Amino acid sequence: MSQSPISRVAAPIALGAGALVVVTRLVIALTILPDAQALEAHVLTPTFAINSLASIVAFALLAVALVAAYDREASEAGGLGVVALGAAIIGIVFMAGDW
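Asker: What's the story with a nonpolar patch on the surface in this structure? I'm lost.
Answerer: A surface patch of nonpolar side chains, about 200 Å² in accessible area, is lined by Ile6, Val9 and Val64. As for its position among the elements, Val64 is in helix H4 (residues 46-98). Among the residues examined, Val64 registers a relative accessible area of 37% and is labelled partly exposed.

Asker: Mind showing me how you'd approach helix H2 (residues 10-31) here?
Answerer: Residues spaced three or four apart along an α-helix face the same direction, because each turn holds 3.6 residues. Helix length check: H2, at 22 residues, gives a terminal C-alpha distance of 32 Å against a target of 32 Å (1.5 Å per residue), a fit within 8%. Among the residues of H2, Ala10, Ile13, Ala17, Val21 and Thr24 are the ones counted as buried. For H2, the angular spread of buried residues about the axis comes to 75°, placing them on one side. With respect to the buried face of H2, the exposed residues turned more than 90 degrees away are Pro12, Leu15, Ala29 and Leu30. Against the buried residues of H2 lie helix H1 (5-8) and H4.

Asker: Got a minute to help me understand the side chain of Asn51 in this structure?
Answerer: Looking at the element boundaries, Asn51 is found in helix H4. By relative accessible area, Asn51 is classed as buried at 8%. In this structure the side chain of Asn51 is engaged in a polar contact, spanning 3.2 Å, whose partner is the backbone oxygen of Thr24. Apart from the residues lying within four places of it in its own chain, the contact partners of Asn51 are Thr24, Val27 and Ile28.

About the cut-offs
- Residues numbered from 1 in each chain as written.
- Predicted model: local features only at pLDDT ≥ 70, side-chain atom pairs only at ≥ 80, totals over all residues.
- Heavy atoms only, no water.
- Patch = residues over 30% accessible without salt bridge, like charges linked within 9 Å, V, L, I, M, F, W, Y side chains within 5 Å.
- Areas by Shrake-Rupley, 256 points an atom, 1.4 Å probe, with all protein chains shown as cover.
- Salt bridge = Lys/Arg side-chain N within 4 Å of Asp/Glu carboxyl O.
- Helix = DSSP H or I, 4+ residues; strand = E, 2+ residues; numbered from the N terminus.
- Buried < 20%, exposed > 50% of the residue type's maximum accessible area, 1.4 Å probe, protein only.
- Expected span 1.5 Å × (residues − 1).
- Arc of directions from axis to C-beta.
- Contact = heavy atoms within 4.5 Å.
- Polar contact = N/O pair within 3.5 Å; in protein donor to acceptor, adjacent residues only side chain to side chain.

Treat this as a map of the structure, not an account of what it does.
Okay, structure coming up:
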């Protein structure tokens, strides 16, 4: 059985997306102060803009990795796999929206 090119790189994409999520969360943890005025000032900085863009890319890569992994195991996953894929994609959307 031949695999699609994207399914062959599902694991590296997932690892890269996970690392990017961790890095963006660390940047937020290290740069935002608990003071409300400091937070207002922080959202106007280039650091915040770049980190927000990196978060969007991380979640997009996570969704791509999820679909690629499903593509790799679709025949074994069956109907429950489709339901699980949908639930995981909804979870990614909610996580991205929350962060």
